[in-house]
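Structural characterization, general
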Amino acid sequence: MKINDPELYSPKNYQLLPFRFERIGPNSCLLVNEVGEHCYLNNHELEMLVNGSLEPSCMAFQKLYSKSFVYTEENNYSLRTFCSKYKARKSFIFDGPALHIFVLTLRCENSCDYCQVTRRNPDAKKYDMPLHVARQSVYRMFECPAKNLTVEFQGGEPLLAFDVMKFIIELSVEQNTHHNKNLQFVVATSLQNINEEMLEFFHQHDVHISTSVDGPEWLHKKNRPSCHSNSYESTLKGLEQARKILGHDKIAGMTTITKSSLSSSKAIIDEYVQLGFHSIFLRPLNMYGFAVKKESKVGYTSEEFNKFYKESLNYIIQINKCGFRLDEVNASLALNNILTPQATGYVDMRSPCGDGTGVLVYNYDGKVYPSDESRMLVEMGDNSLALGSVYEPLNNLISSKQLHTILQAGVAESLPGCSDCVYLPYCGANPIQNYSRYGDMIGHRTFSAFCQKQKFLYRNIFQLLEDSSNRSVFYTWLPNNRYSSYQGELNHA
Ligand code: SF4
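Values in this document were obtained by computation on a predicted structure and should not be read as measured data.

1. Side note on the nonpolar core
- If you look at the biggest cluster of nonpolar residues, it comprises 118 residues, and the most contacted ones within it are Phe102, Leu104, Ala334, Val361, Tyr362 and Val368.
- Lining this core are residues from two domains, each supplying at least three of them: domain 1 (6-89) and domain 2 (94-373 + 477-491).
- Dropping the residues within four chain positions of it, Ala334 is found in contact with Tyr426, Leu457, Tyr458 and Ile461.

Next up, the structure:
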């Protein structure tokens, strides 16, 4: 009896590893595999790759092999590399919550149109976090297994509750003598109330600052009106004072883009250059919480934002080419995802989602939330996503029914629209954003503003990467932990 060679039944002399693709031109496809490596093939090459007829000696095969798109039975080096790259990209899963947001107070002297919380007057003290809540929150934080913990202070204006902040920082440092974690402190502040005593304390504890400068004076004042002072002048005064004591690199600036910002991209960027920032975060509006009430005044469509973003990024690249280093944070995060083996791990851009698994929010009233968005839903009368209170052990909080429900919709690989999207390895599931905007956690990608912005961002970056002069600029934007000052802001970007 004659037995045929196995090859007769299996024409492939290589195996495919999982990848997704998108046609980007009449004869060009972008392929991205599960570990975030990418390459371009023409239609014929893609067809041959899938049919198993690509010759191992050809250039396309070599490229695909080196980037873990294929492996061969004789040499599974590519498969083993793929596994270790996958482990590195998803390493955040093992850490548990690493970002801990302490909402110290709802008090604030500004009344920004895009604010997501119901701010309270600066003298309304009952909206501050009591010390017993602060203490328990710190204990919960140290129950997390992550080696690197970021402690972010938010409000309202957290400097109005400086005593509570000081208590938390000192208690964390003291507790850390037993836990030996890498602690990083960040304050999200307008800088309007900063003083020398605070700055000396920040200097002593290596506290980073994330502040808002929305652009030139007219725009900043329009977006961020203050009941007490000229918000632009007092922020700039605080910035100057802070830089003198902490140095330039400890203070990051971000600009929230409103309807009024859309026609002023150059003026906003010029302001950052003039102020000596080397990074700018063009943060789109998040219309949930209290901000929903002002949507018609400050909001815009995804198309309008994307047009603004494209113009701004082109201008920023030109500024870099003229010799001034200025990166844009959304683009830097995308570049990090595309060009390095490590994912950024930021809450919005990871799967499984980071709500409750990457971030915990300790509200001033003792409630614990899985994300900033979920605490802001309380402003709309919905407290269904609170995980529990700071008096419950961490295990109770992260095994709560609420977090189970969130995580069931939190794996982008299983979401319709995302599961076959070429950008999935760089993107993430956002169940709480979906819930707050569309009423269900799965959401629908066709109508999702987040999805539209993500797709636009990545398509634009891939296009820009084709030009070698852009690539030279982009390589200088790759991170070395530069985002630490933006942690929470990115979280609800
Ligand atoms: S949200 Fe949109 S861009 Fe992100 S993975 Fe899903 S479909 Fe792709």
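2. As for the sheet that holds strand S2 (residues 19-25)
- Reading across from one edge, S2-S3-S4 is the order of the three strands in this open sheet, with antiparallel pairing throughout. In this open sheet, the two edge strands, each paired with only one partner strand, are S2 and strand S4 (38-41). Each strand of the sheet is rotated relative to its neighbour by a mean of 25 degrees, with strand direction disregarded.
- Inspection of the sheet shows strand S3 (residues 28-33) paired to S4 by four bridges, in the antiparallel sense. Residue pairing in the sheet places Cys29 in a bridge with Leu41 of S4.
- Of the strands in this sheet, S2, S3 and S4 are in contact with helix H2 (residues 43-51), which crosses S4 at around 110 degrees.

3. As for the sheet that holds strand S7 (residues 148-154)
- Pairing within the open sheet is mixed, and its 10 strands lie in the order S12-S11-S10-S9-S8-S7-S6-S13-S14-S15. Edge positions in the sheet fall to strand S12 (327-328) and strand S15 (388-389), since each of these pairs with one other strand and no more.
- Across four bridges, the pairing between strand S6 (residues 99-103) and strand S13 (residues 359-362) is parallel. Paired with Leu99 across the bridge in S13 is Val359.
- Strands S6, S7 and strand S8 (182-188) of the sheet are contacted by helix H7 (residues 162-179), whose axis makes an angle of about 170 degrees with S8.

4. Things to note about the site of the ligand
- Neighbouring the ligand are Ala412, Gly417, Cys418, Cys421, Tyr423, Leu424, Cys427, Arg445, Cys451, Gln454 and Lys455.
- Of the residues in the shell around the ligand, the class split is seven nonpolar, two polar and two charged.

5. Some points on the environment of His444
- Relative to the helices and strands, His444 is located in the loop between helix H18 (431-438) and helix H19 (449-465).
- Expressed as a C-alpha distance, the spacing of His444 and Pro352, which sit 92 residues apart in the sequence, is 18 Å.

6. Comments concerning the domain arrangement of the chain
- Per the domain assignment, the segments making up the chain are domain 1 (6-89) and domain 2 (94-373 + 477-491).
- Centre-to-centre, using C-alpha coordinates, domain 1 lies 40 Å away from domain 2.
- Contact with domain 1, which involves five residues of that partner, is made by five residues of domain 2.
- Considering each element in turn, the side of domain 1 that touches domain 2 owes the most residues, three residues, to helix H4 (residues 77-89).
- By residue class, the composition of the side of domain 1 that touches domain 2 is one nonpolar, two polar and two charged.

Scoring rules and cut-offs
Residues numbered from 1 in each chain as written. Predicted model: local features only at pLDDT ≥ 70, side-chain atom pairs only at ≥ 80, totals over all residues. Core = buried A, V, L, I, M, F, W, Y, C linked by C-beta atoms within 7 Å. Buried ≥ 20, exposed ≤ 12 C-beta atoms within 10 Å, placed from the backbone. Domains from an automatic or database assignment. Contact = placed C-beta atoms within 7 Å. Pairing = 2+ DSSP bridges. Helix = DSSP H or I, 4+ residues; strand = E, 2+ residues; numbered from the N terminus. Axes fitted to C-alpha atoms, helices over the stretch in contact; angles between N-to-C directions. Near = placed C-beta within 6 Å. Nonpolar A, V, L, I, M, F, W, Y, C, P; charged D, E, K, R; others polar.

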